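# Coordinates in review
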Amino acid sequence: MCGICGKICFDGKPIEEDLIKEMCRSFSYRGPDDNGTYINNSVADNGRQISLGLGHQRLSIIDLSSAGHQPMTNEDGTIWITYNGEVYNFKELRADLKRKGHAFKSDTDTEVILHLYEEEGIDAVHRLNGMFAFALWDENKSRLWVCRDRIGIKPLVYYWDGKHFAFASEIKALLNDPAITKELDHEALYLYLTFSYVPAPYTMFSGVRKLEPGYFIILEQGKLTIKKYWDVDKTIAQNRPLLPFAEQEGIFKKRLYEYLNDAVRKRLIADVPLGAFLSGGIDSSIIVALMAQNSNQPIKTFSIGFKDAELFDETHYAREVADCFKTDHHEFKLTYRDMLDVLPDVLATFDEPFADSSAIPTYIVSRETKKYVTVALSGDGGDELFAGYRSYLGEYWYKRYMFIPAFIREEFFERLIQRLPDSRDSKYLEYIRRLKKFIKGTKGSFPERVLALKEIFPRDIRRNLLRRSGSNENPLLEDPALSRIQRLLDLNCNDRINSILYADLKDSLPGDMLTKVDWMSMKNSLEVRVPFLDHRVVELAFSMQSTFKLHKGQSKYILKETFKDMLPPGLIDRPKAGFEVPISRWLKTDLKFLIEQNLAEDRIREQGIFEYEIIEKLIHDHMSNRTDTSWMLWNLIVFQHWHKEYLTV
């Protein structure tokens, strides 16, 4: 796992090695073990001169020797690569390439990609099973090939103005280039207010873009082409032969076990210490069970919980799983003060606004885990593939809710619920908040209902909030967030749960969950591997109708049925719970100063982006316990912190 960067110029200007080195230094934590650059300012391309620079920061995982140094080249120095990630089937690919006459000087997966490209060209990407982002320079063709893995586990951002192309693992590396201006992208801001992250291909900088998962870039003869190379088949489930449910279930259980077991086995390959995050939930417990089955020594497992909030502490569930599989278990008990103490480091990591507050405990568990291992497996992705979130249950219950006569729903139940206060600060008021969210998700068209369950700021609030900045001057304009949801949902598919799952696979999974894990783990020089997101497991999940995921009100049905005999009794039926971060309470107490600093009237009015009256009402409603607006306030605080660091002169 590493950090990569580079630049190519078509205007004849040389690339300074100091620039590439500075780009590398900006994310040195991604690869503290080694670094390197490759500069070529005399590339001939149809009579004109091209300049090229590649940079790399290495976190050594496979072949710890100097033979793994990057950027890496082939035997004659005509192909160069800077690569971040892991290709889990590299040994099989290497054996095949050796049979074809290729010679290797290292035991790395990086060198396998070089030789596979020599053999198959850009079609080589279809042979790679793993998580990766890389840039490969082919001098004979004057071609730069930039590629990101199918699911978006590893990040890649880029800049292109027609003459200069730059890329990196993180935006902050690109900003070292004086040619790249720092200008706010107002559509990205609107989407951030909606989702709490900036979805691809946007970034918060108007000239910088994210390469979307499953895509690659070809830059050749001064022309940039972006091409999709992978997607799941969204129609295979509905076109599957009509077999009895029990017969299909048996087939799916067999394949799911085989694919996930093989995905875990492949991810145990490392030349450094390896372990697993263990929350005690079903996803991480399955991963640990399969690790234990495929290892001849005890698995190291890592869990975090609260010392001062037993209601949210679930370390005893993780301990039960650890005892079951006799793991070498490490438990980190946190106080709220522990999380508050790391908040500055967490916010400083973000080079664009990112308001998922669970980044805070993710940072801490990564930091503590790194003290014992360099690689950790996680259960991320299980919820998005097998319908583990409450929002999927909301769609499941929607049809049943609509059977209730409208006058009873609207005039009695909904009117009563809307009058009640809500808050994340107490269990009872949190149920009221969830009911309000569910009700909101029953109004309008299918895309509107899906968006209502996802959005942080409701549409009317975010439009009014941004009126001052001119980013959304015409209220009749199409809502960018709704348009995005409409494009992501497969409206030609009769299976709406699978449609939502597909939208999450393409959007919130890489935009939120995987971004969070990559940022927080790599900040601590820890590699995280995600077996559920092996593309074979993903493709299998989308070959199933959603009735195998949400079955008679039970979420993750096929996953639970496949692995229930391997896990401790009682784990299967335990309700899903997340690691709660008490942002609502903090903003009224320990973090109240962040509101005063970042959302002060004089600062908001001078900044000229937001309407202060809207923010003032959000603060009043939260502090008076009228309704919980903490996530909206946190969203704004994170943006303001980023704006001060990156856009304030």
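One structure accompanies this document, and this report is about it. As the structure is a prediction and not an experimental result, all values here were calculated from the model. (Residues numbered from 1 in each chain as written. Predicted model: local features only at pLDDT ≥ 70, side-chain atom pairs only at ≥ 80, totals over all residues. Heavy atoms only, no water.)

### Description of the sheet that holds strand S6 (residues 130–138)
Pairing in this open sheet of 6 strands is antiparallel, and the strands run S4-S5-S6-S7-S11-S12 from one edge to the other. The open sheet has two edge strands with one neighbour each: strand S4 (72–73) and strand S12 (223–228). Both S4 and strand S5 (residues 79–87) contribute to a ladder of 2 bridges, which runs antiparallel. Bridge pairing in S5 links threonine 73 to tryptophan 80. Against the sheet, helix H3 (residues 109–120) engages S4, S5, S6 and strand S7 (143–148), with an angle of about 125° to S5. (Pairing = 2+ DSSP bridges. Helix = DSSP H or I, 4+ residues; strand = E, 2+ residues; numbered from the N terminus. Contact = heavy atoms within 4.5 Å. Axes fitted to C-alpha atoms, helices over the stretch in contact; angles between N-to-C directions.)

### Section: the sheet that holds strand S16 (residues 375–377)
Taken together, 5 strands build an open sheet; the order of strands is S15-S14-S13-S16-S17 and the sheet is parallel. Each edge of the open sheet is held by one strand with a lone partner, namely strand S15 (328–334) and strand S17 (527–529). When strand polarity is set aside, the average angle formed by the axes of neighbouring strands in this sheet is 30°. Direction of pairing for S16 relative to S17: parallel, over a ladder of 3 bridges. Bridging across to S17, leucine 377 finds its partner in arginine 529. The strands that helix H7 (residues 282–293) touches are strand S13 (274–277), strand S14 (300–306) and S16; relative to S13, the one it contacts most, it runs at about 155°. Sitting on the sheet, helix H9 (residues 336–349) is in contact with S14 and S15, with an inclination near 85° to S15.

### Considering the layout of surface pockets
Within this model, the second largest pocket holds a volume of roughly 640 Å³. Considering the residues around the second largest pocket, the lining is formed by 38 residues, among which Arg148, Pro199, Ala200, Glu212 and Pro213 are closest to the centre. Mapped by element, the contributors of at least two residues to the lining of the second largest pocket are helix H17 (480–488), helix H18 (496–506) and helix H19 (508–522). Sorting elements by how many residues they give to the lining of the second largest pocket places H19 first, with 6 residues. Here the lining of the second largest pocket is composed, by residue class, of 19 nonpolar, 4 polar and 15 charged. (1 Å grid on protein atoms, 1.4 Å probe; cavity = no way out; pocket = protein on both sides within 12 Å on 5 of 7 lines; lining within 4 Å. Points joined across faces, edges and corners; volume = space filled by probe spheres on them. Nonpolar A, V, L, I, M, F, W, Y, C, P; charged D, E, K, R; others polar.)

### Brief notes about the side chain of serine 525
When you line up the elements, serine 525 lands in the loop between H19 and S17. Non-local contacts of serine 525, meaning those with residues more than four positions away in its chain, are made with Tyr29, Pro32, Leu59, Lys370 and Thr374.

### Focus on the nonpolar core
Among the nonpolar cores identified, the biggest contains 185 residues, and Phe134, Leu189 and Phe610 are the most heavily contacted of them. Setting aside residues no more than four positions away along its own chain, leucine 189 makes contact with Leu184, Met204, Leu466, Ile609, Phe610 and Phe639. Membership of the second largest hydrophobic core comes to 22 residues, among which are Ile8, Val43, Leu156 and Leu219. (Core = buried A, V, L, I, M, F, W, Y, C linked by side-chain atoms within 4.5 Å. Buried < 20%, exposed > 50% of the residue type's maximum accessible area, 1.4 Å probe, protein only.)

### Thoughts on helix H1 (residues 17–26)
Helical periodicity: at 3.6 residues per turn, an α-helix aligns residues three or four positions apart in one direction. All of the buried residues in H1 are Leu19, Ile20, Met23, Cys24 and Ser26. Within H1, the buried residues cover an arc of 160° as seen down the axis, which keeps them to one side. (Arc of directions from axis to C-beta.)

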